[in-house]
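A closer look at the structure
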Amino acid sequence: MIDYLPLKGYVAFICCWAATGIGAGLYLLRKEAPYGRYSSEQWGPMISNKIGWLLMEATVLVSFFTWIPVKTFNWRSPAGVMIFLFLLHYLHRSFVYPFMIRTKGKKMPVVIMLSAMLFNTVNGSLLGIWFAAFGHYPDDWYTTPAFIVGVLLFLTGMFINWNADYQLIQLRKKTETGYKIPPGRLFKYISSPNLAGEILEWGGYALLTWSLPALAFFIWTCANLIPRALANHRWYRQQFPEYPANRKALLPFIW
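Not measured: the values here are computed from a predicted model.

A look at the overall build of the protein
- Broken down by element type, the protein carries 7 helices and 2 strands.
- For the protein, the sequential pattern of α-helices and β-strands runs α-β-α-α-β-α-α-α-α.
- For 255 residues, the compact-globule estimate of 2.2 N^0.38 gives 18 Å, and the C-alpha radius of gyration of the protein, at 19 Å, lies within 12% of that figure.
- C-alpha atoms of the protein, sized along the principal axes, occupy 55 × 40 × 35 Å.
- By residue count, 49% of the 255 residues in the protein fall in the buried class.
- For the protein, the proportion of contacts with a sequence separation of at least 24, taken over those separated by at least 6, is 82%.
- For the protein, the exposed area adds up to about 13,200 Å²; of that, 68% sits on carbon and sulfur atoms.

Notes on the nonpolar core
- Judged by nonpolar contacts, the single largest core of 39 residues is most densely connected at Met82, Phe86, Leu127, Phe131, Tyr205 and Leu208.
- If you list the elements that add at least two residues to this core, you get helix H1 (7-28), helix H2 (49-67), helix H3 (78-95), helix H4 (110-134), helix H5 (145-171), helix H6 (193-209) and helix H7 (212-239).
- If one sorts the elements of this core by residue count, H4 sits on top with 8 residues.
- Leave out the neighbours within four places in its chain, and tyrosine 205 touches Met82, Ile83, Leu85, Phe86, Leu127, Phe131, Phe154 and Ala214.
- Core analysis: the second largest hydrophobic core is formed by 9 residues, Ile47, Tyr97, Ala116 and Ile169 among them.

With respect to the packing of aromatic side chains
- Counting across every chain of the model gives 26 aromatic pairs.
- Taken together, a centroid distance of 5.0 Å and an interplanar angle of 35 degrees make the contact between tyrosine 10 and phenylalanine 134 tilted. Here the residue tyrosine 10 occupies a position in helix H1, and phenylalanine 134 occupies one in helix H4, the gap between them amounting to 124 residues.
- You can call tyrosine 10 buried: its relative accessible area is 6%.
- Look at phenylalanine 64 and phenylalanine 131: their rings are 6.1 Å apart centre to centre, the planes differ by 70 degrees, and that puts the pair in the edge-to-face class. Of this pair, phenylalanine 64 sits in helix H2 while phenylalanine 131 is found in helix H4, placing the two residues 67 residues apart along the sequence.

Examining the confidence of the model for the protein
- Looking at the protein, the pLDDT average stands at 92 and 96% of residues meet or exceed 70.
- Element-level mean pLDDT values for the protein span from 88 in strand E2 (residues 107-109) up to 98 in H6.

Comments concerning unusual backbone geometry
- The backbone of arginine 185 shows a phi angle near 50 degrees, a positive value even though the residue is not glycine.
- Inspection of the secondary structure puts arginine 185 in the loop between H5 and H6.
- For arginine 185, a relative accessible area of 54% corresponds to the exposed category.
- You will see that phenylalanine 253, though not glycine, has its phi angle at about 70 degrees, which is positive.
- With respect to the helices and strands, the residue phenylalanine 253 is situated in the segment after H7.

Cut-offs applied
Residues numbered from 1 in each chain as written. Predicted model: local features only at pLDDT ≥ 70, side-chain atom pairs only at ≥ 80, totals over all residues. Heavy atoms only, no water. Helix = DSSP H or I, 4+ residues; strand = E, 2+ residues; numbered from the N terminus. Rg over C-alpha atoms; globule rule 2.2 N^0.38 Å. Buried < 20%, exposed > 50% of the residue type's maximum accessible area, 1.4 Å probe, protein only. Contact = heavy atoms within 4.5 Å. Areas by Shrake-Rupley, 256 points an atom, 1.4 Å probe, with all protein chains shown as cover. Core = buried A, V, L, I, M, F, W, Y, C linked by side-chain atoms within 4.5 Å. Phe/Tyr/Trp six-rings, centres within 6.5 Å; stacked < 30°, edge-to-face > 60°. pLDDT = per-residue confidence, 0-100.

Dropping the structure here:
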């Protein structure tokens, strides 16, 4: 059935989805998403942070592989490598990260979990459809500048993201629930290197796949994480009078 999926309709939907992401980003610049330090029971029923993270991140794997013909797919092709990189991120985000975070007693609104599941369903499906029906790459794609630079950006961003996340996790003892000023490494220069790393990661993915759905995914990543990084920076400055004045929000020495 996927062989007959109209390309024009697929492209039109992605363009609308990307435009929606830009609108969501503009909204989030004015209103913090209510999870993590901004979590609020005013948004309705709550769910454990660990369970919420697992469910909403694992959703993208289910939606992605709904479209991929696993048995007949050429896993040794450039597209196979792209899928592997995608899995590397989401297997960690779904089944490793939720069990590492120290969020004793902390919860997120169910509506946030459900909205993230919808977001991941759409993005996972768009990428799954791309690789199943439209993403046909020549064997020499490995040697193209887009692939080489994209992979370097993706892996660099992943390293920054994981390293900063682990540093944040280690700041808090198992029995602690409060927040502290993260010291050293990239935190010396910006308030949210974990978010900066993830933005870099998906920018690299859009480049290495050279695809419209990955570009839309990158747009949504920026729409979610740039406002989050700016909000975190403001929050740190409000909560900690001693917060380093020269530390920027997202880009060292700049912003």
